[in-house]
Amino acid sequence: MKKPLLKILVQCGLALLLVLLLLTLGDVSQLAHLSEIHWEFVLLVFLSSVGFTLAHNFRWKEIVDNLSGRKGSHFFSLYRSLVNSYAIGKIIPMDVSLLGLRSYYLKRFQNLPMSTAIFSVLLDRFLDFLLFLTMALPSFLLISQAASATQAMLILLLLLILQGFVILWKKGETFHFFLSLFRTFLVRWLSKIPFLGTRISEGMKEEGEIHPFDLASVVQIMGWNYIKYFLLCLRFFFTGLALGIQIPLVKSFFFIPFVQLSGLINITPGGLGVVEMGTYGALFLMGIPNSQILLFVFGQRILLFSIFLSLFILSHLFYFIHYRWRRLGDLRND
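Just so we're clear, the structure is a prediction, and the values are computed from it rather than from any experiment. (Residues numbered from 1 in each chain as written. Predicted model: local features only at pLDDT ≥ 70, side-chain atom pairs only at ≥ 80, totals over all residues. Heavy atoms only, no water.)

**A closer look at the confidence of the model for the protein**
The line we're drawing: pLDDT measures the predictor's confidence residue by residue and takes values from 0 up to 100. Residue contacts follow a heavy-atom distance rule, with two residues in contact if any of their heavy atoms lie within 4.5 Å.
Residues at a pLDDT of 70 or more form 85% of the protein, whose mean pLDDT is 83. Throughout residues 203–208 the model reports pLDDT below 50, and contacts reaching past four residues in sequence, or to other chains, amount to 13 contacts.

Laid out in structure tokens, this is it:
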């Protein structure tokens, strides 16, 4: 049997085993309540997902514009490729889809060198990890009950202020500084962790070319990074309400890194089973009743798959209409 096929079969088998484990841990009878969805909150889940992808695209566009040396990147074209990667990431590992599809798009349609295209996506992904590291300490202290929600928020505020000082100090070299710290300290430690190490350190071990950013762009990119995270927390919160589960917004804000960590170990198709186990653990630590956890875990998978499939269709439909309208305008001008 060829190695790629064997790898796919192993990944699918692992996903199946994790799903079966979830079914044994939770209350399967509660899945019958999936039909009792609160549609007004589903709309809010959809809107927060749209906001999340738009914030992500604004962040990525700013990175691409700086690396390419021109401000002409077409926002919607980038958005379409981003939505495509998220939608396909529900079937294949998310890090593969987010890296491969977007890098190919930049090389094929934006005429960027492949090395620059790959770096833009890696830096974009690294910013997610940077925010995860920022949230890790206050989240851990809150989860372990070593700090209250107020204390965790104050610690987070201090970390953000420290991050702000670094930005003002390093200015356009801020990202190079953070990447250097990451390579020097974290890669060596994280590379020892099974599954997680190779995925986090991949593509970040080499110093490569230094890409300068102006201070205004750094501030904008970091701003969109925070907005993206906040919208991610809102989506998690509204998903619970859509399924009839009350999840405190403050806990959603601090427990999301726990779910993000499972996303970094994305070794199954679409993260199936792995993300669900991470979500299960986060909800368990939040104190959500065991009878409701399984409902949230599977309901979230169904809702997000449906939403990103809808965004995929809508973005392609909009692009088709826009292209036809532009062609009609060109014909009239001729």
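Back to the write-up after that little detour.
**Quick word on helix 6 (residues 149–170)**
The following threshold applies: Numbering of helices and strands starts at the N terminus; helices are DSSP runs of H or I of at least 4 residues and strands are runs of E of at least 2. The span you would expect from a helix comes to 1.5 Å times its residue count less one. The cut-offs for exposure are 20% and 50% of the maximum accessible area for each residue type, with area from a 1.4 Å probe on protein chains only; residues under the lower value are buried, those over the upper are exposed, and the others partly exposed. It is the directions from the helix axis to the C-beta atoms whose arc is reported.
Here helix 6 contains 22 residues, and its C-alpha end-to-end distance of 31 Å stays within 8% of the 32 Å for a straight helix at 1.5 Å per residue. Where helix 6 is concerned, the buried positions are Ala152, Leu156, Gln163, Val166 and Ile167. Along the axis of helix 6, the buried residues cluster in a sector spanning 100°; they form a single face. Summarising the geometry of helix 6, the exposed residues directed more than 90 degrees from the buried face are Thr150, Leu158, Leu162, Phe165, Leu168 and Trp169.

**Structural notes on empty space enclosed by the protein**
Note the following rule: Think of a 1 Å grid over just the protein atoms. A cavity is a set of points where a 1.4 Å probe fits yet cannot get out, a pocket is an open set with protein on both sides within 12 Å along at least five of seven lines, and lining residues have an atom within 4 Å of a point. Grid points are joined across faces, edges and corners, and a volume is the space filled by probe spheres set on the points. Residue polarity follows a fixed list, in which Ala, Val, Leu, Ile, Met, Phe, Trp, Tyr, Cys and Pro are nonpolar, Asp, Glu, Lys and Arg are charged, and the others, Gly among them, are polar.
Across all of its chains, the model carries two cavities of 30 Å³ or more by this definition. A volume near 40 Å³ is recorded for the second largest cavity. For the lining of the second largest cavity, the secondary structure elements donating two or more residues are helix 5 (114–143) and helix 9 (215–242). Considering each element in turn, the lining of the second largest cavity owes the most residues, four residues, to helix 9. Here the lining of the second largest cavity is composed, by residue class, of four nonpolar, two polar and two charged.

**Topic: the packing of helix 2 (residues 39–68) against helix 9**
The line we're drawing: Every angle, taken between N-to-C directions, lies between 0 and 180 degrees, and every axis is a line fitted to C-alpha atoms, over only the stretch in contact when it is a helix. Small angles under 35 degrees read as roughly parallel and large ones over 145 as roughly antiparallel, with 65 to 115 read as roughly perpendicular and the rest as oblique. Helix crossings are classified by the rotation of the near helix relative to the far one: an anticlockwise turn of less than a right angle makes the crossing left-handed, while a clockwise turn makes it right-handed.
At their nearest, the axes of helix 2 and helix 9 sit 8 Å apart, and the two run at 160° to each other. Our classification of the angle between helix 2 and helix 9 gives roughly antiparallel. You can see that helix 2 and helix 9 cross each other, and the crossing is left-handed.

**Side note on helix 9**
For helix 9, with 28 residues, the first-to-last C-alpha span of 40 Å sits near the 40 Å given by 1.5 Å per residue. Gly244, located one to two residues past helix 9, shows a positive phi value of around 80°.

**Some words on the environment of Gly26**
With respect to the element layout, Gly26 can be found in the loop between helix 1 (3–25) and helix 2. On the accessibility criterion, Gly26 (15% relative accessible area) is buried. Once the C-alpha coordinates of Gly26 and Val297 are considered, the two residues, 271 residues apart in sequence, prove to be 9.8 Å apart. Residues within four places of Gly26 in sequence aside, it is in contact with Tyr280, Asn290 and Leu294.

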